[in-house]
Amino acid sequence: MRKNIARWSNLILLSLFANSIFAQADTSASGGGMNLLYALVVLILFILGMRFFGTSKVLKKDGNTIVLTKGQDLHLEGAAEKAVNENVQSKTFAVRPPDFFNISPIPKVVVAVGEEVKAGDTLFFDKKRPEIKYASPVSGEVVAINRGAKRSISEVIILADKEVQSRSYDAFDLNGESREALVNYLLDSGVWPYLRQRPYNIVADPATTPSNIFVSTFDTAPLAPDLSFVVEGQEDAFQKGLDVLGKLTDGSVYLGIDGRGGKVAGAFADASGVEKQAFNGKHPAGNVGVQIHHISPVNNNNIAWTAGVQEVITIGKLFLNQQFDASRLVAVAGEVNNPHYVRTFQGANVGDLLEGNLNDGSYRLISGDVLSGKKKDKAHFMGFFDDQITVITEGHYFEMLGWLLPQTKRPTVSKTFFGGFMPSRTVKADTNMHGEKRAFVVSGQYEDMLPMDIYPQYLLKSIIVGDFEKMEGLGIYEVVEEDLALCEFACTSKQPLQNILRQGLNEMIEQS
Amino acid sequence: MKGLLNFFHKIEPDKEKSPFLHTVFDGFFTFLFVPNHVTAKGVHVRDRMDLKRLMIFVVLAMMGCYVFGAYNIGHHHFAALGEYTQLGEGIGPKLWYGLLKILPILIVTMAVGLGIEFYYASRKGHGIEEGFIVSGMLIPLIMPPDLPLWMLGLAVVFAVILGKEAFGGTGMNILNVALLTRVFVFFAYPTYISGDEVWISGVAGVDGVTGATPLALAAKGGWEAVTQVYSASDMWWGFIPGSIGETSKPLIILGALFLIFTRVASWRIMISMVLGAAFVGMLMNGFAPEITADTAGVFKFMAVPWYYQFYMGSFLFAMAFMATDPVTASGTNKGKWIYGFLIGSIGMVIRIINPAYPEGWMLAILLLNVFAPTIDHFVVEGNMKRRAKRAEAIA
């Protein structure tokens, strides 16, 4: 910052004095090879400028760490304190078909209301791919099967027992059995949906073998849980889970390690049988999609699978103890009385987890982070893959001349605000749009927020006009919503980038 | 604030019954109050930045040009009439005279342009987009002070309807609207916007007053001819006749730095445009023949030292405010370098070689506006090829 001011003020002074310097020079400059030489120098300057400041250079190598220079961390108030509050527990849990893309809207539900289930028991399966079973995260009684529009199943709700009991499993010999047997075991056990496939971020297809499997071990999203804290005490299960993943691919299992200089849990740093790659950079450097892009970019012939850290632990526990254990440490963060971690299970009730922790007022409850999470009510349930609940103020207010003279501090990446020069400042956020939707006007803005060799605006425009060849060529396979979420946050024109991208991804799925 | 808000809610016109009035109301209301809309899909938190702020920052950057422009009009008017001939004299009357010249131009531009914008916004049923604020503020700065207002109005109608609304409004236009306005006047009424007579306000018919711009002099007699009338320092500080806002180089540079510092305009375009202009200026210097008494004017122009080319004409203004329009410029970073460099070099060629009109930025920028999508196409194509190659290597 100070360096910038000095640099610019020097430039201003220089340009002001240029006048007196040139006044000494000749009045005519005809002929002479020197001028042609100068011209050559200028041409070289131009080419160098284009070379070094023209390509979307996003990557520097620093030893073994990949340094990503684009993106932005958003520092919001209410980061979860690193302590687990054991007194909070959800009474009900749900598995929601809408959490999975590319699943038919009316899956076959195999349980009935009133039926008792154990953790790991199948609740429903997709009619298109009946081999993939979606399991109950807890044991208890099925209390409701709710339907949404056009009779689609929106959620299957289970009232949990005090002590969660797992369904019983046979032990599986990881080294002795074939890959096929392993796949069948995973499918049957109900942990298969934890494996997701890129492109598209859909549940992995059991019939394919991924080139590589990727796990990001740090989350750079605003107020995200610290995965090094989450994995504490689960080292064995995590390692076991990685061993399982290793059997599923002919390539490697890659761990994206936090290279920003903080403390990295031993479970990640000392993991064996995997390739480790450190990343240093701002959000979205922790997104697995960004990491894949810099290790082995996805395309139609190079399919990658991904899994979250806690999902790997659940898979690991299945093989360690023959138990279905979908327990989750969830960060409850943002504008709550006590931002903390709670120990619960996948798909917990949002209202239960926030019990007694909310102030009066109008708040937005989000399962996930503020950039790519889903809006929830107290009666709703957390997303299948989410390990974070964020609470922020609803922004139903008019702000007089707010676009010109902002009256409060809010997160921004724009250098037209003083806040844009203080990216590490912690601020409050609300859900106000801060403006109205407009056509794409500004260029180069998304590129600054996405550390990938991709032109987001051109990709999005190709989606809007439905040009499949361009979508493919511009890298639609390499991104999912969360990767473009920061671009959407920064967008001056308030365009719904994630929506546009998902529409394009869905069209691509239909085509393939 | 609450009372004001209630008052506005009370007078809000009905959307069904009078859509035009409602659109106009909405346009002004959203300027006064950021609406209470909240995020619905996608991100839950939005950046504070919006298009209104972006546009107003460009306007802020050109404020210096406005103030100086007003003073400069007055200064040349009075100096030509033999009153207040020194720079420091009669600042009040000079500013006042200039203001009286600029205001009608600004009002006509805004009234005509915004009127059309409002009409199309209500017809299409969407909010008023802010694009014309910047265009409307730029147009007066690139006009001569005595341009008949009906010509201006006609030009704005042409530029906004054919240049912008026909393509779909703000963000969709291919050509820079402000420059399109000027080019309309330039080709339809050339005698009102070129030559030696139009640049000093209110002196038509006064004997012995010539208001030739430095460029016009340079095109005939090279740098020698220019310096007989204007000093380099006058040209640098802007005390020369010309379009209203383009003469003061330090104020334009300050505006450009402001735009770069706030990341509103692309520094890549500005830098590469300077490089492009300098490149051709140097080439011209290199190939200029030895100057004798009967050398043709164009060769004398070629021999003007390249760095003095930046002192004359509207290069810096075009660089800071015209070429950097994000909608009509190239969208990719690499494209921006090429786009700027081509504007710089082509504009300089037009300026020096063109026998009729010694200035090139307007035409060069419009030309490159047309080619900007092509430049981007090749840059984006490069990205696609890189990706395809990578895919082949993996498969």
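As shown above, the structure is provided for reference.
Residues numbered from 1 in each chain as written. Chains lettered and ligands numbered in written order. Predicted model: local features only at pLDDT ≥ 70, side-chain atom pairs only at ≥ 80, totals over all residues. Heavy atoms only, no water.

Draft legend 1. Structural context of the overall build of chain A. Along the backbone of chain A there are 13 helices and 22 strands. Whereas a compact globule of 512 residues would reach a radius of gyration of roughly 24 Å, chain A reaches 26 Å, a difference of no more than 12%. Projected onto the principal axes, the alpha-carbon positions of chain A cover approximately 95 × 55 × 45 Å. In chain A, which comprises 512 residues, the proportion classed as buried is 59%. Element-wise, carbon and sulfur atoms account for 51% of the exposed surface of chain A, whose accessible area totals about 20900 Å². One way to put it: in chain A the 50 positive side-chain charges average out to a point 5 Å from where the 59 negative ones average out. (Helix = DSSP H or I, 4+ residues; strand = E, 2+ residues; numbered from the N terminus. Rg over C-alpha atoms; globule rule 2.2 N^0.38 Å. Buried < 20%, exposed > 50% of the residue type's maximum accessible area, 1.4 Å probe, protein only. Areas by Shrake-Rupley, 256 points an atom, 1.4 Å probe, with all protein chains shown as cover. Lys, Arg positive; Asp, Glu negative; His and termini not counted. Charge placed at Lys NZ, Arg CZ, Asp CG, Glu CD.)

Draft legend 2. Region of the structure containing unusual backbone geometry. All names here are of chain A. Along the chain, Arg 198 connects to Pro 199 via a cis peptide bond; the corresponding omega equals 0°. Between His 283 and Pro 284 the backbone carries a cis peptide bond, its omega angle lying at 5°. Looking at the element boundaries, Pro 284 is found in the loop between β15 (275-281) and α7 (288-295). Even without glycine at this site, Asn 102 takes up a positive phi of about 65°. Checked against the element boundaries, Asn 102 lands in the loop between β4 (92-95) and β5 (108-109). Positive phi, close to 60°, is recorded for Leu 223, a residue that is not glycine. In this structure, Leu 223 sits in the loop between β13 (212-216) and α4 (227-230). Residue Leu 223 is classed as buried on the basis of its relative accessible area of 11%.

Draft legend 3. Spotlight on the nonpolar core. Ranked by internal contacts, the top residues of the largest apolar core, which has 125 residues, are Met 62, Met 312, Phe 317, Phe 321, Met 322, Tyr 339 and Ile 343 of chain B. Residue contacts for Met 322 of chain B: discarding those within four places in its chain leaves Leu 138, Ile 142, Asn 176, Ala 178, Leu 179, Phe 317 and Ile 365 of chain B. Of all hydrophobic cores here, the second largest spans 84 residues; its members include Val 142, Leu 353, Leu 365 and Phe 384 of chain A. (Core = buried A, V, L, I, M, F, W, Y, C linked by side-chain atoms within 4.5 Å. Contact = heavy atoms within 4.5 Å.)

Draft legend 4. Structural detail: the packing of helix α6 (residues 131-141) of chain B against helix α7 (residues 149-164) of chain B. All names here are of chain B. Interaxial distance between α6 and α7 falls to 12 Å at its minimum, and their mutual angle equals 145°. Of the two possible hands of crossing, α6 and α7 adopt the one that is right-handed. For the pair α6 and α7, contact is made by Gly 131, Phe 132 and Ile 139 and by Leu 152, Val 156, Val 160 and Lys 164, respectively. When its residues are assigned to classes, the contact of α6 with α7 shows five nonpolar, one polar and one charged. (Axes fitted to C-alpha atoms, helices over the stretch in contact; angles between N-to-C directions. Left-handed = near helix turned anticlockwise from the far one by under 90°. Nonpolar A, V, L, I, M, F, W, Y, C, P; charged D, E, K, R; others polar.)

Draft legend 5. Highlighting the sheet that holds strand β8 (residues 133-135) of chain A. Residue and element names in this part refer to chain A. A sheet is described by the order of its strands in space; here three strands give the open sequence β5-β7-β8, paired in antiparallel fashion. Unpaired on one side and paired on the other, β5 and β8 mark the two borders of the sheet. Where strand β7 (residues 122-125) meets β8, three bridges bridge the pair, whose relative direction is antiparallel. Bridge pairing links Phe 125 to Lys 133 in β8. (Pairing = 2+ DSSP bridges.)

Draft legend 6. Expanded view of the sheet that holds β4 of chain A. Residue and element names in this part refer to chain A. Spatial strand order, β4-β10-β9-β6: four strands in an open sheet with antiparallel pairing. Each of the sheet's edge strands pairs with one partner strand only, and the pair in question is β4 and β6 (116-117). Bridge analysis of β6 against strand β9 (residues 140-147) gives two bridges, and the strand direction is antiparallel. Bridge pairing in β9 places Glu 116 opposite Glu 141.

Draft legend 7. Representation of the side chain of Ser 90 of chain A within the structure. Residue and element names in this part refer to chain A. Along the chain, the position of Ser 90 falls in the loop between β3 (84-85) and β4. Accessibility expressed as a relative area gives 5% for Ser 90, which makes it buried. Within the structure, Ser 90 has its side chain in polar contact with the backbone oxygen of Thr 92 (distance 2.6 Å). Reaching out from Ser 90, the side chain makes a polar contact with the backbone nitrogen of Asn 349 at a distance of 3.0 Å. In this structure Ser 90 touches Thr 344, Ala 348, Asn 349, Asp 352 and Leu 353, once residues within four positions along its chain are discounted. (Polar contact = N/O pair within 3.5 Å; in protein donor to acceptor, adjacent residues only side chain to side chain.)

Draft legend 8. Focus on a positive patch on the surface. Judged by side-chain charge, Lys 108, Lys 127, Arg 147 and Arg 151 of chain A come together as a positively charged surface patch. Here Lys 127 of chain A shows up in the loop between β7 and β8. (Patch = residues over 30% accessible without salt bridge, like charges linked within 9 Å, V, L, I, M, F, W, Y side chains within 5 Å. Salt bridge = Lys/Arg side-chain N within 4 Å of Asp/Glu carboxyl O.)

Draft legend 9. The interface of chain A and chain B, seen in detail. At the junction of the two partners, chain A supplies 102 residues and chain B supplies 95 residues. Summed over both sides, the interface between chain A and chain B buries roughly 9100 Å², with carbon and sulfur atoms accounting for 63% of that surface. On the chain A side of the interface with chain B, the three residues burying the most area are Phe 398, Trp 403 and Arg 438 of chain A, jointly 10% of the side's total. Inspection of the region where chain A meets chain B yields seven salt bridges. Across the pair Glu 130 of chain B and Arg 438 of chain A runs a salt bridge, and its minimum N-O distance is 2.7 Å. Residue assignment for the side of chain A that touches chain B shows that the elements contributing at least two residues are α1 (2-23), α2 (33-54), β19 (363-367), β20 (374-376), β22 (399-400), α11 (468-473), α12 (481-490) and α13 (497-511) of chain A. When grouped by side-chain class, the residues that make up the side of chain A that touches chain B number 48 nonpolar, 35 polar and 19 charged. Sheet topology places β22 of chain A next to strand β1 (residues 33-34) of chain B; two bridges connect them, and they run antiparallel. Residue Met 400 of chain A lies in a different strand from β1 of chain B, and its bridge partner there is Phe 33 of chain B. (Buried area = accessible area lost by both parts, 1.4 Å probe.)

Draft legend 10. Highlighting the packing of aromatic side chains. Residue and element names in this part refer to chain B. A full pass over the atoms with the stated rule returns 52 aromatic pairs over all chains. Ring geometry for Phe 186 against Tyr 357: centres 4.6 Å apart, planes inclined by 55°, an arrangement best described as tilted. On the criterion of sequence distance, the pair formed by Phe 186 in helix α8 (residues 177-188) and Tyr 357 in the loop between α16 (333-353) and α17 (361-394) is long-range, its members being 171 residues apart. Assessed through its relative accessible area of 9%, Phe 186 is described here as buried. (Phe/Tyr/Trp six-rings, centres within 6.5 Å; stacked < 30°, edge-to-face > 60°.)

Draft legend 11. Spatial organisation of α16 of chain B. In this model, α16 of chain B (21 residues) spans 30 Å end to end at C-alpha, consistent with the 30 Å of a helix rising 1.5 Å per residue. With respect to burial, α16 of chain B is a largely interior element, 15 of its 21 residues being buried. (Expected span 1.5 Å × (residues − 1).)

Draft legend 12. Main features of the pattern of salt bridges. Applying the stated criterion to the full structure yields 28 salt bridges over all chains. For Asp 430 of chain A, the salt bridge is made with Arg 410 of chain A, and the minimal N-O distance between the two is 2.8 Å. Linking Asp 430 of chain A in the loop between β22 and α10 (456-464) with Arg 410 of chain A in the loop between β22 and α10, this pair joins segments that are 20 residues apart in sequence. Just as Asp 430 of chain A is buried, Arg 410 of chain A falls in that class too. Here the residues in one salt-bridge network are Glu 436 and Arg 438 of chain A together with Lys 52 and Glu 130 of chain B, joined through shared partners.

Draft legend 13. Summary view of the pairing of β19 of chain A. Residue and element names in this part refer to chain A. Burial runs high along β19: four of the five residues are buried. Where β19 meets strand β21 (residues 388-393), five bridges bridge the pair, whose relative direction is antiparallel. Opposite Arg 364, over in β21, you have Ile 392 as the bridge partner. With three bridges connecting them, β19 and β20 associate as antiparallel partners. Paired with Ile 366 across the bridge in β20 is Lys 375.

Draft legend 14. How the structure looks around the pairing of strand β14 (residues 253-258) of chain A. All names here are of chain A. Most of β14 is tucked away: six of the six residues are buried. What you see with β14 is no split at all: Val 253, Leu 255 and Ile 257 on one side and Tyr 254, Gly 256 and Asp 258 on the other are buried throughout. Relative to β14, β13 runs parallel, the two being bridged by four bridges. Its bridge partner being in β14, Phe 214 is matched across the sheet by Tyr 254. Bridge count between β14 and β15: five bridges; the pairing is parallel. Bridge pairing in β15 places Gly 256 opposite Gln 277.

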